[in-house]
Amino acid sequence: MTTVEASPLVELRGITASYGPIDVLHGIDLAAPPGAVTALLGPNGAGKTTTLRVLAGLHPATAGDILLAGRRVNGARADDLARAGLCLVPEGRGVFPNLSVRENLRVATHAGHGLAQVEEVAYARFPKLGERRAQLAGTLSGGEQQMLALARAVATDPGVLLLDELSMGLAPIVVGELYEQVARIAAGGVAVVVVEQFARIALRVADRATVLVGGRVAAEGTPGELEGSLADVYLGGNR
Amino acid sequence: MTDPPALKVIGVTVRFGGNVAVDDVSLAAQAGAITGLIGPNGAGKTTLFNVISGLQPPTSGAVHLEGADVTRLPTHKRARRGMARTFQRLELFGILTAHGNVKLAVDVRARADRDIRAGVNADAEAYALLERVGLLDLAHMRADSLSTGKARLVELARALAIRPKVLLLDEPASGLTEEETVQFGAILRELAGEGMAVVLVEHDVSLVFAVCDVVHVLDRGALLASGDPSSIRADQRVLDAYLGDAGVPG
Amino acid sequence: MDQFLIATITGLSTAGIFAIAASGLVLTYTTTGIFNFAHGAVGMLAAFSYWQLLDWGLPTGVAVAVVLLVLGPLFGLLVEAVVMRGLFDAPETSRLVVSVALLAAALGLGVWLWPVDESRPLDFWFEDNFLGILGVRVRWHEAIAFILAVVVAIGLRVLLRSTRAGVTMRAVVDDRGLASLNGARPGRSAALAWALGCSLAALAGILLAPAQALSQQTLTLLIVNAYAAAMLGRLRNLPMTFLGAAVLGLLDSYGFFYLPTDGRFGPYLSTFRFAIPVVVLFIVLIALPSARLRTNAARRRLAAPRPTWFTAGFQAAAVVGGAVVLAIGLSDADALRAAKAVGFALIALSLVPLVGWAGQLCLCQMSFAAIGAVCMGHLGQGGNPWALLAGALIAAVVGVLVALPAARLTGIELALATAAFAVILDRWIFAMPDIHLWGMTLSTFNRNPVPVDRLSLPFAGTLTTKGLLVALAVAFALLHLLVVAVRRSRAGDLLLALRESPAACATLGIDPAGTRLAVFAFSAALAAVGGGLYAGTLGSISPSSFDLFQTLPLLLLTVAGGVAASGGAIFAGVVLGLIPVVGATFAGIAGLLGILPGTMGATLGRNPDGVSTQLAERLAPLRSKPAVLAVVVVVDVALALAWANDVLGGWEASIAAFLLPFLAARGVNATRAPRTARLADPLDGLEDRRLGPADVSAIDEALALAEVTR
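Residues numbered from 1 in each chain as written. Chains lettered and ligands numbered in written order. Predicted model: local features only at pLDDT ≥ 70, side-chain atom pairs only at ≥ 80, totals over all residues. Heavy atoms only, no water.

Explain the overall build of chain B to me, and be specific about the residues and the numbers.
Check the secondary structure of chain B and you find 9 helices and 10 strands. By principal-axis analysis of the C-alpha atoms, chain B measures approximately 65 × 40 × 40 Å. Residues classed as buried in chain B amount to 59% of the 250 residues present. The contacts of chain B with a sequence gap of at least 6 include a subset with a gap of at least 24, amounting to 66%. Total accessible area on chain B stands at roughly 9,700 Å², and carbon and sulfur atoms take up 48% of it. (Helix = DSSP H or I, 4+ residues; strand = E, 2+ residues; numbered from the N terminus. Buried < 20%, exposed > 50% of the residue type's maximum accessible area, 1.4 Å probe, protein only. Contact = heavy atoms within 4.5 Å. Areas by Shrake-Rupley, 256 points an atom, 1.4 Å probe, with all protein chains shown as cover.)

Laid out in structure tokens, this is it:
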């Protein structure tokens, strides 16, 4: 992957957020340029998922700016952001379990593409889905569900793709396959942000990474710069 | 013959539909020790806690409290036998004061306990518990106006009010300041010193390594490793579980 | 055999109508998470509108089209936009109360637009044309109903599986957040679901109406039967719902054909038919697995004032004093009205612990009251007050029996189960003649109104009308003090804790189900005492004075008034007492007043703590200035005496007496230095007040100071 110098497509500046009385983010800065994978790393409870939810309009920021293509979009509704081309695949449940594979894809047809076209693209990318088009998504294997989630996300032609814990509970070989697709999607000009607690996996495909600890940015840099310091961040030890 | 462990989890499995949230986990917590339970997100820690405290029936397996099988007992009966817990998302009674929260628990225990001395002063006992966690001066604040850190301490005091033999703490340090975390660790050591079995689910790994006697690591629902903190810290499998498997083809 | 065939075919036709109604209910519930209690009332309104259109001379086809394609969907869209939007993440109790309020409002609207004293016959479609099926003569109307049910089933399947709108609706059900992330508009899905749901309710109403006399309550209840079918599919599963409808339709029909109407059991079973669907509903609810213990669901700050004894005593004295003044100044007829209002407030008081603190939405409170009333009628001859105690005990036992299966259910299920119990009692048990068992006679209404004697007290003898008013006020004051005592005790805290987090309660050793049983028993006993006293003001009681439709205004007005404290009960009594007075003064809006309880309940989303809680907050400053308080009391008493002696008019005196305390409280507030004074003693009574961040920091400051000086 090459280093990309384009201006960010999506950006957070000084974001703070809380759940009721619990403050979880204390001033997050994050920038994701198009055509690159930006990784958001950190231990459990560091605020990674909340950061993505703020980005996607699912959780209010108490301070700071959310910029999409240079325009401040604080307070925009999730469905409006989705229609504007910002797509989040949430953690562990990116599919509608009681809908068939085809119906899952149908939900994503608002961008003006017909169902046939969306299906064609999806099945070309993930042939396994084509074999199971009439099956309920809830009965697919974990890896297939994530493929479906990715396929549906891509079907909407997003400018920004946010992926939360794509690897959760999956076998390593499947994870590798999925991240290969993620890299390809980014190469097509999409700004991809991945949240991943398994840092090494993410660093393999990321162009830049931000490490969160306790709701603050602890480190930022290229994968090479960060790899060494990760053990400290995760296990707090002095290895 | 040694005494049975205060808490024993035997082959517990929990399935949600096709998903295995907890996969054949067995572990024990000794009285007088702090047992840590760590693992990446989604490893099944909170689900396991729910099974232990009776909020989630297991698909299979058993939970023993001081040698007695309590798998089929409802939550409140386990509590009366000395099992207390706190919650990851705060579960204080916001409409009551901090003192009211603790006093309610003292009252319930005093009434359920048959051989309690007459004339338990629930008021005084509740104040004493709040003092123990250092919150006496906030005793009359409504619980829902407390900061997260303080609220977690009230939850601890409330759990202590039932005089637990086993104390389950779910992410007790999240929302605490560094200073509060240190104080919190000291309280935990004190409780263990009094003979309580403390079980700690926590993502602040440094706290776990600092205070625990034994640490269990869960990964994708299964027990990955068990041992004392230094051996866990040195365990390559644990680091892999946290950072992601190094063996991914890429 | 022939009869069986006829019964089966008739049953299937009824089943078709139930299926249509139930599928509409399931549709709105699954897509919006709101159980539409008003579904039956929507069908009722549709049937009346249909009659109205025919009455204006429209052809049948046009009238059907207007109702199904215009009025039904329009009503649905209106409800969604005005009432329901924004409720999807509200606490379950609020959602339920709003939906119950909608039912009450729709009923009120129906009675207002189409006064009950008129007969409105409706013809079957295609008049009395029959066709032969297996040698059985079947009305075209019935055949059409069945065919329409099949069409609805197929149509819903096509909509939900093969159109983008339908698939999106299901996606919203599966995962609302994820659907938004995919650009779906949950609001639009909800609007569509409400429009469709109401249209289906309307269709069911039109189909049902010709076989019934066009009556608001009967028609509404008939569609309520469909709720049982929907429950069979746990409110989610459409095929199971259709199956449930078939079972219900057939049972209903077999019941009609085969239940004996004479012989030894005839009198007891003939009315059972009307209860079959609710009995099924009740059984289904009992058979459901227990809901898991909820963790802290309500993140909203709850308010449940913990009055001091001074405040409580003052309130009690004010109620009694007010009643004495009214007894002096009112005519006998008006005093009786006022006594009824107090009786109503007494029953409403029983909702405070159950709904206000424990958060259990119970729809059979008037049934508990009926038990007290019946006891008063049978055991309290000559006005024996001990009958009240007997009623309270019996009601407590019944309360436990109802709560035994219900206490482990979720909010919707509990509301439905208690509503089902109310209907079982009202339509079946109370419609029975006396039961003779083992030499004992169990008597309820024995198909006749039961006379209830006025209370007779030691020293006072049988009470006069004015005496009754004062006695009821004294009873209210005493029970108010009892309720305050419970609130101030451990039990009060326990119930509030249970509402906030049953899971946390259980981990402290509190048995959630047992605690709920206890509060049900207490509340039922209170309601029975209230019911017994209320019955004394009626003179003679019949089942309809205590049916489900009487519980609705009781519940809604109390909630609107603030169900967490006795003030809500007073509010309910005052509003219900004033409705006929206002109606008589302003005849033009008399009908409109029937909608009042419903509309008040529907605004709950905006004012969740209720009116009386807010008013009490406004009056709080008076507590700190006894001198001002004394002056206010003296002036109010003077105003009252001036009215009683005809110096002042009733309206002028009441308005002045009502406004004075608030003006005085404002005055007190204005003369005080705002914060320092209020926080003079930071440890005192803070729990009753809502704290903002500013308060918190101010208290921290105050505490730090106190520590230094200690």
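Let's pick the thread back up.
Explain the overall build of chain A to me, and be specific about the residues and the numbers.
For chain A, the helix and strand inventory stands at 10 helices and 10 strands. Counting over 239 residues, chain A shows a buried share of 56%. The long-range share in chain A, meaning contacts at least 24 apart out of those at least 6 apart in sequence, stands at 67%. Approximately 9,100 Å² of chain A is accessible, and the part contributed by carbon and sulfur atoms is 50%.

Which residues make up helix H27 (residues 626–644) of chain C, and what values do they have?
All names here are of chain C. Here H27 contains 19 residues, and its C-alpha end-to-end distance of 27 Å stays within 8% of the 27 Å for a straight helix at 1.5 Å per residue. Regarding H27, the residues found buried are Leu629, Val632, Asp636, Leu639, Ala640, Ala642, Trp643 and Ala644. Taken together, the buried residues of H27 touch helix H13 (309–329) and helix H28 (650–671). At the C-terminal side of H27, aspartate 646 shows a positive phi close to 65 degrees. (Expected span 1.5 Å × (residues − 1).)

Kindly report on the sheet that holds strand S10 (residues 222–227) of chain B, identifying the contributing residues and their values.
Residues and elements named next belong to chain B. An order of S6-S7-S8-S3-S9-S10 is seen for the 6 strands of this open sheet, with the pairing classed as mixed. The sheet is open, and its two borders are formed by strand S6 (83–85) and S10, each paired with just one other strand. Strand-to-strand twist in this sheet, taken as the mean axis angle between neighbours without regard to direction, amounts to 20 degrees. Here 4 bridges tie strand S3 (residues 34–38) to strand S9 (residues 214–219), and the two strands are oriented parallel to one another. By the bridge assignment, isoleucine 38 is partnered in S9 with valine 217. With respect to the sheet, helix H5 (residues 148–160) is in contact with S6 and strand S7 (166–170), its orientation differing from that of S7 by roughly 160 degrees. Along the sheet, helix H6 (residues 178–193) contacts S3, S7 and strand S8 (197–201); its crossing angle with S8, the most-contacted strand, is approximately 150 degrees. (Pairing = 2+ DSSP bridges. Axes fitted to C-alpha atoms, helices over the stretch in contact; angles between N-to-C directions.)

Could you give me a rundown of the packing of helix H12 (residues 272–287) of chain C against helix H18 (residues 411–427) of chain C, with the residues and numbers involved?
Angle between the axes and distance between the axes: these two values describe a pair of packed helices. Residue and element names in this part refer to chain C. It is at 9 Å that the axes of H12 and H18 come closest, and there the two elements cross at 145 degrees. At the point where H12 passes H18, the crossing takes the left-handed sense. Residues Phe274, Val278, Val279, Leu281, Phe282 and Leu285 of H12 pack against Glu413, Leu416, Ala417, Ala420, Phe421, Val423, Ile424 and Arg427 of H18. Looking at the contact of H12 with H18, its residues break down into 12 nonpolar, no polar and 2 charged. (Left-handed = near helix turned anticlockwise from the far one by under 90°. Nonpolar A, V, L, I, M, F, W, Y, C, P; charged D, E, K, R; others polar.)

I'd like a description of the sheet that holds strand S6 (residues 86–89) of chain A, backed by residues and values.
Residue and element names in this part refer to chain A. The strand order across the open sheet formed by 6 strands is S6-S7-S8-S3-S9-S10, and the pairing between neighbours is mixed. What marks the edges here is a single partner per strand, and that holds for S6 and strand S10 (216–221). Taken pair by pair, the neighbouring strands of this sheet meet at an average axis angle of 15 degrees, ignoring direction. Docked against the sheet, helix H1 (residues 48–55) engages strand S3 (37–41), S6, strand S7 (160–164), strand S8 (191–195) and strand S9 (208–213), running at close to 150 degrees with respect to S7. The sheet strands contacting helix H6 (residues 142–155) are S6 and S7, and the helix crosses S6 at an angle near 175 degrees.

I'd like a rundown of the side chain of A:Asp164, residues and numbers included.
Residue and element names in this part refer to chain A. By the element assignment, aspartate 164 lies in strand S7. Despite its burial, aspartate 164 pairs with no opposite charge; the closest candidate is lysine 48, at 7.2 Å N-O. Here the side chain of aspartate 164 touches threonine 49 through a polar contact of 3.1 Å, side chain to side chain. Other than its neighbours up to four places away in sequence, aspartate 164 contacts Thr49, Leu52, Val89, Pro90, Glu91, Gly92 and Val195. (Lys, Arg positive; Asp, Glu negative; His and termini not counted. Salt bridge = Lys/Arg side-chain N within 4 Å of Asp/Glu carboxyl O. Polar contact = N/O pair within 3.5 Å; in protein donor to acceptor, adjacent residues only side chain to side chain.)

Describe in detail the environment of C:Ala245, supporting the description with residues and values.
By the element assignment, C:Ala245 lies in helix H10 (residues 238–258). Discounting residues that sit within four places of it in the chain, C:Ala245 has contacts with C:Ala15, C:Phe18, C:Ala19 and C:Ala229.

Give a detailed account of the packing of aromatic side chains, specifying residues and quantitative values.
Here the distance between the centres and the angle between the planes together describe a pair of aromatic rings. All names here are of chain C. Inspection of every chain in the model, using the stated rule, returns 12 aromatic pairs over all chains. Geometrically, the ring pair formed by phenylalanine 368 and phenylalanine 421 is tilted, given 6.4 Å between the ring centres and 40 degrees between the ring planes. Pair noted here: phenylalanine 368 is in helix H16 (residues 365–379) and phenylalanine 421 is in helix H18, with a separation of 53 residues, a long-range link. Phenylalanine 421 carries the same exposure label as phenylalanine 368, and that label is buried. (Phe/Tyr/Trp six-rings, centres within 6.5 Å; stacked < 30°, edge-to-face > 60°.)

Can you break down H16(C) residue by residue, with the values?
For H16(C), built from 15 residues, the straight-helix expectation of 21 Å at 1.5 Å per residue is met to within 8% by its first-to-last C-alpha distance of 21 Å. By the criterion of burial, H16(C) is predominantly enclosed, with 13 of the 15 residues buried.

Summarise the environment of B:Ala6; cite the residues concerned and give the values.
All names here are of chain B. Relative to the helices and strands, alanine 6 is located in the segment before strand S1 (7–16). Separated by 26 residues in sequence, alanine 6 and glycine 32 have C-alpha atoms that sit 9.2 Å apart. Dropping the residues within four chain positions of it, alanine 6 is found in contact with Ala29, Gln30, Ala31, His64, Leu65, Glu66, Val166 and Ala197.

Could you give an account of the pairing of strand S1 (residues 130–133) of chain C, naming the residues involved and the relevant values?
When S1(C) meets strand S2 (residues 136–139) of chain C, the two strands line up antiparallel, connected through 4 bridges. In the strand pairing of S2(C), C:Gly132 is matched with C:Arg137.

Give me a nonpolar patch on the surface: which residues, what numbers.
Residues and elements named next belong to chain C. Where nonpolar side chains cluster on the molecular surface, the patch consists of Ile570, Val574, Leu578, Trp651, Ile655, Phe658, Leu659 and Leu663 and spans about 750 Å² of accessible area. Of all the secondary-structure elements, those providing two or more residues to the nonpolar patch are helix H24 (566–585) and H28. By residue number, the principal contributor to the nonpolar patch is H28, which donates 5 residues. Along the polypeptide, leucine 663 turns up in helix H28. (Patch = residues over 30% accessible without salt bridge, like charges linked within 9 Å, V, L, I, M, F, W, Y side chains within 5 Å.)

Got a sec to walk through the domain arrangement of chain A? Specific residues and values, please.
Residue and element names in this part refer to chain A. As assigned here, chain A comprises domain 1 (1–85 + 158–239) and domain 2 (97–157). A straight line from the C-alpha centre of domain 1 to that of domain 2 covers 24 Å. With both sides pooled, the region where domain 1 packs onto domain 2 buries about 1,100 Å², and carbon together with sulfur makes up 71% of that total. In this structure, the connection of domain 1 to domain 2 is made through 0 salt bridges. Where domain 1 meets domain 2, there are 2 residue pairs in polar contact (both at pLDDT 80 or more). (Domains from an automatic or database assignment. Buried area = accessible area lost by both parts, 1.4 Å probe.)

Could you give me a rundown of the packing of helix H3 (residues 60–84) of chain C against helix H4 (residues 92–113) of chain C, with the residues and numbers involved?
All names here are of chain C. Closest axis-to-axis distance for the H3/H4 pair is 12 Å, and the angle between their directions is 130 degrees. Overall, the two elements H3 and H4 adopt an arrangement that is oblique. In terms of crossing hand, the pair formed by H3 and H4 is right-handed. Side by side, H3 and H4 meet where Val79, Val83 and Met84 of the first sit next to Val98, Ser99 and Leu102 of the second. The residue inventory of the contact of H3 with H4, partitioned by class, reads 5 nonpolar, 1 polar and no charged. (Parallel < 35°, antiparallel > 145°, perpendicular 65-115°, else oblique.)

Residue-level account of the pattern of salt bridges, with values.
Residues and elements named next belong to chain B. Enumeration over the complete set of coordinates arrives at 20 salt bridges over all chains. Ionic pairing is found between arginine 237 and aspartate 235, a salt bridge with its closest N-O pair at 3.0 Å. Bridged by salt links that share partners, the residues Arg109, Glu125 and Arg163 form one connected network.

Requested: an account of the pairing of S7(A), with residues and values cited.
Across a regular strand the side chains alternate sides, sitting on one face of the sheet and then on the other. Residues and elements named next belong to chain A. In terms of burial, S7 is largely enclosed, as 5 of its 5 residues are buried. In terms of strand pairing, S6 meets S7 through 4 bridges, oriented parallel. Its bridge partner lying in S7, leucine 86 is registered against valine 160. Two elements, S7 and S8, share 5 bridges in a ladder whose sense is parallel. Residue leucine 162 lies in a different strand from S8, and its bridge partner there is valine 193.

I'd love a proper account of the environment of B:Ile232, names of residues and values included.
Residue and element names in this part refer to chain B. Here isoleucine 232 shows up in helix H8 (residues 229–233). Through-space distance from the C-alpha of isoleucine 232 to that of glycine 36 is 11 Å; in sequence the pair is 196 residues apart. Those residues in contact with isoleucine 232, other than ones at most four positions away along the chain, are Phe209, Val215, Val217, Ala225, Ser226, Gly227 and Val238.

Let's hear about the side chain of A:Thr50: which residues, and what values?
Here A:Thr50 lies in helix H1. Overall, A:Thr50 belongs to the buried group, its relative accessible area being 8%.

I'd like a rundown of unusual backbone geometry, residues and numbers included.
All names here are of chain B. Located in the positive-phi region is arginine 163, a residue other than glycine, with phi close to 50 degrees. By the secondary structure assignment, arginine 163 is in the loop between H5 and S7. The class of arginine 163 is partly exposed, set by a relative accessible area of 43%. Of note in the backbone geometry, arginine 220 takes a positive phi value of approximately 45 degrees without being a glycine. Residue position: arginine 220 is located in the loop between S9 and S10. Residue arginine 220 is classed as partly exposed on the basis of its relative accessible area, which comes to 40%.

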